[in-house]
Amino acid sequence: MRGRDQEWRCVEGLLRTVAAGGTGTLLVEGGPGTGKSRLLEEAAKAAPGWGVGVVRGRAEELGELGPCGMLFAALDLRFEGELPSGDPFARLGSRARVLDRLTAGFQKRARAPLLAVLDDLQWADAATLTMISALRDRLRERPVGWLLSRSTTGGGNQAAALFDLVRRDGAEQLDLAPLAPASAAAMAADLLQGPPDPATRALVDAAGGNPLLIAELIAAVRDGTHPSHRLRPVVRRWVGRLSQDARKLLETAALLGRSFAPEQAAALLATTPAALLPAVEECMTAGLLTATPYGLAFRHDLVRVTVAADIPQPVRHAILDPGPPAADAAETTALKARAELVAGRFDSAVTEAERARELAAASGAPLPAALAATVLATVALRRGDLRRAARHAAELPADTREGRLRRALLTAQVVEAREGPLRAIALLADLPENSWQDDRLLTLEPPVTAWLVRLALAVHDRAAAESVVATAEALAHANPGFPALASAAAHARGLLDNDRDALALAAERAEDVWARASAAEDLGVALGGCGRQEEGAGSLDRALTIYHDLGSARDAARVRKRLRGLGVRHRHWTYADRPPVGWESLTETEHAIAVLVADGYTNRQIAEQMFISAHTVAFHLKHVYRKLRIGSRVELARIAMAQGRIDPEP
């Protein structure tokens, strides 16, 4: 049971309780091949050592010979009556009689401590699941433990309903995640009776921590057969349980590589990303796809390779017909722009996004154009150029759900910076069914999670903040291989509960450089608020350094104000080899003020944006006028427009 130490401790806890004359239930869930059946098998083997008897049953994918068949078989009870013709209990008599017979069977076995091990309940019929629930109630006074498993894919929703009911009744649940890399390597070494060579280790890594895939790979290595011969039946069985739409998505995505954008798959399938959502969710629930900060990916690359290999070569060529070269170039360039944004290279992000927008316009490709507009709006927002951020947000398409969400979200962030949280939350509240808390949005834009929580708390809507945090944590839990989701969830939890450890985790692990600074800023505020001023100032100082390096003048000004509140004063100018006059002579603060003046802000409004006093604004503006040799705001607006720092009025 490599990599399952924590899960095994839970099994031992259940056995200990039952051996002492108590009762309890342990639920085991996981995707295909995660080791649920192996865990139950080991528990059944271990039970006699605790003085606990075992009753074992397994639901069959093809169905049972009759209702409650697995329970009758587990208890060595025979069926009575004819085959059913309507009511699933018709052949067995009344429901009460069936329950009485099964109860008597368990009571006979439960004269000593007993463990009921019931596997693959996703395939169980409704009658069986109903009886399991009723038997738990009837046998509460008996030393009976229940170890139940189900796969998160395949079957209907009835087993999930049973698990929810039992969990609410106090049962403990285990969610079997993929094995950690070290545990996967150790499992391979156990099976090989020695360390794997580099080629085998690479295959094990490609299994993505799935114990069944690892076991099949090692079996192929030992037998000297090609891995595909062992993997193909397994993967075909997994894929065969999907709906037709989900299979089409998976097969198409397999040709796009390990990671892909939903827009790519939608384009090849001649549909929209929104229309793909049910199929995407089905594949994610099946444990075959997972969300990343930038799109979707196969959880196990071996699955992708196996699925792709089953697609005939002519079909592959037909699907992957490259189409217009400009469209491919636009998509590649837009994705590069997004990567540059995350890395904190704003100038490069803008260059790539503008190029992607030109290529998209030339090829008539709307999806790269939307991604480029999102990058441009986000850079402008982080730089404090609210007018430009609003303009780029308005470029996002309103004819798709994703476009409307992104557009509304970016617009709300601009409005919050200009007018405060009440107006921003009102904009988001106008969206249907609180879709701004949608997990798809938080998946595509992880850094926005903390902003949404902060916004909800600012208007005293803790319920909305808790909803966002719950969604973010569920995403992080479902996608353990993607730290951007984990750090976003930690940041959100830290804000909600003033959890300094969670904020520190986000400040350390966030992939997005700007998000790292944001978490460090929130950590500094939390530390200062609990009397740890020196540590708080240190965290704020780290945030200030990142903001300054990024050119996020408004964020840097806000942090300076926070530092002043802790008694720390920072100079907010830097020595540089600047000319004495002209636009390039302006300091960072003077430049920010000049752009806001040119945008039509009053001195008081600028003071609010820059987190300084109106008197300080006037002081800096005087220097701007002197360096530019002008005497009015109108002249300043003309110069800023000529420099491309603001856009002309439409």
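Residues numbered from 1 in each chain as written. Predicted model: local features only at pLDDT ≥ 70, side-chain atom pairs only at ≥ 80, totals over all residues. Heavy atoms only, no water.

(A) Main features of unusual backbone geometry. A positive phi angle is found at Asp120, which is not glycine, with a value near 55 degrees. Overall, the relative accessible area of 15% leaves Asp120 in the buried class. Of note, the phi angle at Arg629 is positive, near 60 degrees, even though the residue is not glycine. Position of Arg629 relative to the elements: it lies in the loop between helix H32 (614-628) and helix H33 (633-642). Owing to a relative accessible area of 67%, Arg629 belongs among the exposed residues under this scheme. (Buried < 20%, exposed > 50% of the residue type's maximum accessible area, 1.4 Å probe, protein only. Helix = DSSP H or I, 4+ residues; strand = E, 2+ residues; numbered from the N terminus.)

(B) Here's a closer look at the pairing of strand E3 (residues 114-119). The element E3 is extensively covered by neighbouring structure, given that six of its six residues are classed as buried. Side chains of E3 alternate between two faces, with Leu114, Ala116 and Leu118 and Leu115, Val117 and Asp119 buried alike. Direction of pairing for E3 relative to strand E4 (residues 144-151): parallel, over a ladder of five bridges. Across the sheet, residue Leu115 finds its bridge partner in E4, namely Gly145. With respect to chirality, the unit in which E3 leads through helix H5 (residues 126-138) into the neighbouring parallel E4 is right-handed. (Pairing = 2+ DSSP bridges. Right-handed = clockwise from strand over helix to strand, strands pointing away.)

(C) Structural view of helix H28 (residues 533-550). Given a rise of 1.5 Å per residue, 18 residues ought to cover 26 Å, and the 25 Å separating the end C-alpha atoms of H28 matches this to within 8%. Inspection of H28 places Gly536, Ala537, Ser539, Leu540, Ala543, Leu544, Ile546, Tyr547 and Leu550 among the buried residues, and these make up the whole buried set. Against helix H17 (346-363), helix H18 (366-383), helix H27 (513-529) and helix H29 (553-565) lie the buried residues of H28. (Expected span 1.5 Å × (residues − 1). Contact = heavy atoms within 4.5 Å.)

(D) Summary view of the nonpolar core. Counting 41 residues, the largest nonpolar core has Ile214, Leu242, Leu249 and Leu250 as its most contacted members. The residues touching Leu242, leaving out its near neighbours within four places in the chain, are Arg247, Leu250, Glu282, Cys283, Ala286 and Leu288. Listed in part, the 35 residues of the second largest apolar core include Leu71, Leu75, Trp146 and Ala159. (Core = buried A, V, L, I, M, F, W, Y, C linked by side-chain atoms within 4.5 Å.)

(E) Expanded view of the side chain of Ser183. Among the secondary structure elements, Ser183 is positioned in helix H7 (residues 181-192). With relative accessibility at 17%, the residue Ser183 sits in the buried group. In contact with Ser183, not counting residues within four places along its chain, are Arg2 and Gly3.

(F) Broad picture of the sheet that holds E3. Pairing is parallel across the open sheet formed by five strands, whose spatial order is E2-E3-E4-E1-E5. A single partner strand is all that each edge strand has here, and the edge strands are strand E2 (53-58) and strand E5 (172-176). Pairwise comparison of adjacent strand axes, ignoring direction, gives a mean angle of 15 degrees for this sheet. (Axes fitted to C-alpha atoms, helices over the stretch in contact; angles between N-to-C directions.)

(G) Representation of the sheet that holds strand E6 (residues 259-260). One open sheet accounts for three strands, arranged E6-E8-E7; its pairing is antiparallel. On the outer flanks of this sheet lie E6 and strand E7 (289-292), each paired with one strand and no other. Relative to strand E8 (residues 295-298), E6 runs antiparallel, the two sharing two bridges. Paired with Ser259 across the strands is Ala297, a residue of E8.

(H) Seen up close, the environment of Thr285. Mapping Thr285 onto the fold places it in helix H13 (residues 273-285). Using a relative accessible area of 46% as the deciding quantity, one classes Thr285 as partly exposed. Through-space distance from the C-alpha of Thr285 to that of Gly31 is 7.7 Å; in sequence the pair is 254 residues apart. Setting aside chain neighbours within four positions, we find Thr285 in contact with Thr152 and Thr153. One polar contact links the side chain of Thr285 to the main-chain carbonyl oxygen of Glu281, over a distance of 2.8 Å. (Polar contact = N/O pair within 3.5 Å; in protein donor to acceptor, adjacent residues only side chain to side chain.)

(I) Region of interest: the packing of aromatic side chains. Taken as a whole, this structure holds three aromatic pairs when the rule is applied. Summarising the aromatic geometry, the rings of Phe260 and Phe298 are spaced 6.4 Å apart at their centres and angled 55 degrees between planes, so their arrangement reads as tilted. Placement of Phe260 in strand E6 and of Phe298 in strand E8 is noted, with a sequence separation of 38 residues between them. Across this residue pair, the class does not change: Phe260 and Phe298 are buried. Aromatic side chains Trp514 and Tyr547 sit 6.5 Å apart centroid to centroid with 55 degrees between the ring planes, which places their arrangement in the tilted category. Here the residue Trp514 occupies a position in helix H27, and Tyr547 occupies one in helix H28, the gap between them amounting to 33 residues. The pair Trp514 / Tyr547 is uniform in exposure class, with both members buried. Arg150 extends its terminal NZ or CZ atom over the ring of Phe163, reaching a point 5.7 Å from the ring centre. (Phe/Tyr/Trp six-rings, centres within 6.5 Å; stacked < 30°, edge-to-face > 60°. Lys NZ or Arg CZ within 6 Å of the ring centre and 35° of its normal.)

(J) Structural context of helix H19 (residues 386-394). Here H19 has its buried residues at Leu386, Arg387, Ala389, His392 and Ala393. Contacts from the buried residues of H19 go to H17, H18, helix H20 (401-419), helix H30 (588-598) and helix H31 (603-610).

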